[in-house]
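Given next are the chains, with one letter for each unit.
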Amino acid sequence: CGVFGIYAPEEKVAKLTYFGLYALQHRGQESAGIATFEGTQVHLHKDMGLVSQVFNESILDKLPGSLAVGHTRYSTTGSSRKANAQPAVVESRLGSLALAHNGNLVNTVQLREELLQSKFNLVTSTDSEMIAFAIAEAINAGAEWLEGCIQAFHRCQGAFSLVIGTADGVMGVRDPNGIRPLVIGTLEGNPVRYVLASETCGLDIIGAEYLRDVEPGELVWITEEGMASYHWSQKPQRKLCIFEMIYFARPDSVMHNESLYSYRMRLGRQLAQESLVDADIVFGVPDSGIPAAIGFSQASGVAYAEGLIKNRYVGRTFIQPTQTMRESGIRMKLNPLKDVLAGKRVIIVDDSIVRGTTSRKLVKTLREAGAVEVHMRISSPPVTHPCFYGIDTDSQDQLIAATKSVEEIAQQLEVDSLAYLSWEGMLQATGEDTNSFCSACFTGDYPVTIPEYVKRSKLI
Ligand code: SF4
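Residues numbered from 1 in each chain as written. Predicted model: local features only at pLDDT ≥ 70, side-chain atom pairs only at ≥ 80, totals over all residues. Heavy atoms only, no water.

**Quick word on the site of the ligand**
Going by this rule: By convention in these notes, a residue is near a molecule or strand provided one of its non-hydrogen atoms lies within 4 Å of it. Helix and strand labels come from DSSP, where a helix needs a run of H or I of at least four residues and a strand needs a run of E of at least two; each type is numbered from the N terminus.
If you check the shell around the ligand, you find Ile179, Arg180, Cys241, Ile242, Phe243, Cys387, Tyr389, Ile391, Cys438, Ser439, Ala440 and Cys441 and nothing else. Counting residues per element, the ones that place at least two in the shell around the ligand are α8 (242-248) and α17 (440-443).

This is the structure we're talking about:
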């Protein structure tokens, strides 16, 4: 999911939130929502669809206020329906709160039971709503905003980057492991105003300046007085999701002082050093494989060329292609450049293989377009374990690398050769402490313990 928050009484906060969400659209295409606070009154609009489908000028005009919270949803917990769209707005003794969540809790069964005992009517099925209710419960028992929120966060296990709006201010929070990203930006002016976003691309679009990340286990509280910081967790540690860096986040977003484009290029260079093969051209699977393919070309000297063109206007379609389209192999998303590929030995670079079905189709497409050899290189290690922290990977039986060796996968994909980047290579290329990432989908070493029944739900 993508989250966004802003405190700026002199600005049109709903409009700025709209643009922030627009830049974060890649983080979730299922639903979008914005809540604004005008004094103690909350205005909320949320619906299924892309940010540009859910909002228009007149809807944004009906969302006045001095602060806003926004969300784009990608479903992991809870089914895909309107009631699960966020922000979740919940009432408490101190007034309404609007919560937008990125991540996934792993102790929802326990939390749900506890909350049901407190007689909360859990209308929707998301873990995000449970966090909002846990906060309300603490507030109703007498706590003030900060204290109540911190009490609730201690009951949550898993991944949560949150933006929470109240009549008094906006809060930005990361779980003790900082699994999902959350950054703080500033809007110039007197006084300086603060913005929160899942990635820096959400700041860039509204002209906000990146200030710093919200730290793991930190809460920032943004009000008329400025920004205050609280370290609420006794045991914070850095375990940023490495998948954010290799694939999920936008290439122009900055993490650890450089764009992910540069990091992904370095992954490609490392990949070339580890598994070079004789070939005529190298290209990436658009869009996410492209920076690594460029890096591969730079390090190996194999010429870079575009072999596949992406239809930029393909969003989600719910219309099934006709049988004739399927048979004639018309591809909605990626079209091969026959004259570039004909007679060539090609290296195709992708960021990951999950089930393997798309990769297999792609290889077939390249051969049909005339490629004489197809070598596949992957800029991450084999995905062997499912994610429980908010990236919607399949259950373990669906992950091709969980049950097959690299050679067996190569056979199944019908490639001439296949190589993955080493786990060390992926982490060393970050230039950071290699312990400061979650890479559980490659190792099964989960930084937050997953209860057995939750593991079973993904067939581990
Ligand atoms: Fe990211 Fe994988 Fe960890 Fe999930 S398990 S948070 S996808 S690195």
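**Points about the domain arrangement of the chain**
The test is simple: The source of the domain bounds is an automatic or database domain assignment. Each of two parts loses accessible area, computed with a 1.4 Å probe, when they are put together; buried area is these two losses added. Counted as a polar contact is a pair of N or O atoms within 3.5 Å, where, for protein atoms, one must be capable of donating a hydrogen and the other of accepting one, and residues adjacent in sequence contribute only when both atoms are in side chains.
According to the domain assignment, the chain contains domain 1 (2-237) and domain 2 (260-311 + 330-435). Its C-alpha centre places domain 1 at a distance of 35 Å from the equivalent point of domain 2. Carbon and sulfur atoms make up 57% of the surface buried where domain 1 meets domain 2, a total of about 630 Å² over both sides. Along the contact surface separating domain 1 from domain 2 lie two residue pairs in polar contact (both at pLDDT 80 or more).

**Observations concerning the environment of Pro382**
For clarity, the threshold we go by: In this analysis, two residues are considered to be in contact whenever any of their non-hydrogen atoms come within 4.5 Å of each other.
Here Pro382 is to be found in the loop between β22 (373-378) and α14 (400-403). If we ignore the near neighbours within four places in the chain, the residues touching Pro382 are Ala401, Tyr420, Cys441 and Phe442.

**Quick notes on the packing of aromatic side chains**
The geometry of an aromatic ring pair is captured by two quantities: the separation of the ring centres and the angle between the planes. Heads up, the rule is: We call Phe, Tyr and Trp rings a pair once their centres come within 6.5 Å, taking the six-membered ring for Trp, and we label the pair stacked below 30 degrees between planes, edge-to-face above 60, and tilted otherwise. Residue exposure (1.4 Å probe, protein chains only): buried if accessible area is under 20% of the type maximum, exposed if over 50%, otherwise partly exposed.
All chains considered together, the criterion is met by 12 aromatic pairs. Centre to centre, the rings of Phe153 and Phe160 are 6.1 Å apart; their planes meet at 40 degrees, and the pair counts as tilted. Between Phe243 and Phe442 the ring centres are 5.8 Å apart and the planes differ by 20 degrees, which places this aromatic pair in the stacked class. Placement of the pair is Phe243 in helix α8 and Phe442 in helix α17, with a sequence separation of 199 residues. The exposure class assigned to Phe243 is buried, which follows from its relative accessible area of 5%. A relative accessible area of 9% means that Phe442 is categorised as buried.

**Describing the pattern of salt bridges**
Side-chain pairs of opposite charge can arise whenever the charged atoms involved come near each other. Stated precisely, the cut-off is as follows: Any carboxyl oxygen of Asp or Glu that lies within 4 Å of a side-chain nitrogen of Lys or Arg is treated as forming a salt bridge with it.
Applying the stated criterion across every chain yields a total of 20 salt bridges. Arg193 is the partner of Glu10 in a salt bridge, and the nearest nitrogen-oxygen pair spans 2.9 Å. On the criterion of sequence distance, the pair formed by Glu10 in the loop between β1 (2-7) and α1 (13-23) and Arg193 in strand β10 (residues 193-197) is long-range, its members being 183 residues apart. For Glu30, the salt bridge goes to Arg73, with nearest N and O atoms at 3.4 Å. You can see Glu30 sitting in the loop between α1 and β2 (31-38) and its partner Arg73 sitting in strand β4 (residues 67-73), a full 43 residues away along the chain.

**A short note on the sheet that holds strand β23 (residues 417-420)**
Sheet strands pair by backbone hydrogen bonding; their relative direction is either parallel or antiparallel. So the rule is basically this: At least two bridges found by DSSP between two strands are what make those strands a pair. Between the N-to-C directions of two axes lies an angle of 0 to 180 degrees, each axis being a line fitted to C-alpha atoms and, for a helix, fitted only over the stretch in contact.
A sheet is described by the order of its strands in space; here five strands give the open sequence β18-β17-β21-β22-β23, paired in parallel fashion. Each of the sheet's edge strands pairs with one partner strand only, and the pair in question is β18 (303-304) and β23. Pairing geometry for strand β17 (residues 281-284) and strand β21 (residues 345-350), over four bridges, is parallel. Within β21, the residue paired with Gly284 across the bridge is Val349. Along the sheet, helix α10 (residues 290-300) contacts β17, β18, β21 and β22; its crossing angle with β17, the most-contacted strand, is approximately 155 degrees. Against the sheet, helix α15 (residues 406-413) makes contact with β22 and β23, and its axis sits at roughly 130 degrees relative to β23, the strand it touches most.

**Quick word on the sheet that holds β1**
Spatial strand order, β3-β2-β4-β1-β10-β9-β11: seven strands in an open sheet with antiparallel pairing. Each edge of the open sheet is held by one strand with a lone partner, namely β3 (41-48) and β11 (209-213). In this sheet, neighbouring strand axes are inclined to one another by 15 degrees on average, regardless of whether the strands run parallel or antiparallel. Sheet analysis places strand β9 (residues 183-187) next to β10, joined by five bridges and oriented antiparallel. By the bridge assignment for β10, Leu187 is matched with Arg193.

**Considerations on a nonpolar patch on the surface**
Spelled out, the test is: The patches reported here contain residues having more than 30% relative accessible area and no salt bridge. Joining distances are 9 Å for like charges and 5 Å for nonpolar side chains (Val, Leu, Ile, Met, Phe, Trp, Tyr). All accessibility values rest on the Shrake-Rupley procedure with a 1.4 Å probe; residue burial counts only the protein chains present in the view.
Residues Phe19, Tyr22 and Ile205 make up a contiguous nonpolar surface patch of roughly 270 Å² in combined accessible area. Looking at the secondary structure, you find Ile205 in the loop between α7 (201-204) and β11.

**A look at the environment of Glu137**
Looking at the element boundaries, Glu137 is found in helix α5 (residues 127-140). Sequence-wise, Glu137 and Gly148 are 11 residues apart; in three dimensions their C-alpha atoms are separated by 8.0 Å. Dropping the residues within four chain positions of it, Glu137 is found in contact with Leu115, Ser118, Phe120 and Arg155.

**Here we look at the pairing of β23**
Two faces belong to every sheet, and in a regular strand the side chains alternate between them. Every second residue of β23 is oriented toward a common face, with Ser417 and Ala419 on one face and Leu418 and Tyr420 on the other, all of them buried. In this sheet, β23 lies alongside β22 in parallel orientation, the contact comprising four bridges. Bridge pairing links His375 to Ser417 in β23.

**Comments concerning the nonpolar core**
The cut-off we apply is this: For this analysis, a nonpolar core means a set of buried residues of the types Ala, Val, Leu, Ile, Met, Phe, Trp, Tyr and Cys, connected via side-chain atoms within 4.5 Å.
Core analysis: the largest hydrophobic core is formed by 47 residues, its most contacted members being Tyr263, Ile347, Val349, Tyr389, Met426 and Phe442. Put simply, the parts of the chain that give this core at least two residues each are β14 (240-241), α8, α9 (260-275), α10, β21, α16 (423-428), β24 (437-438) and α17. Structurally, this core is a two-domain feature, drawing no fewer than three residues from each of domain 1 (2-237) and domain 2 (260-311 + 330-435). Membership of the second largest hydrophobic core comes to 30 residues, among which are Leu97, Phe133, Val173 and Trp232.

**Overview of the side chain of Ser359**
Along the chain, Ser359 falls in helix α13 (residues 357-368). Look past the residues within four positions of Ser359 in its chain and what remains in contact with it is Ile353, Met376 and Leu413.

**Some words on the environment of Asp127**
Note on placement: Asp127 falls in helix α5. Residues Asp127 and Gly103 lie 24 residues apart in sequence; the distance between their C-alpha atoms is 9.3 Å.

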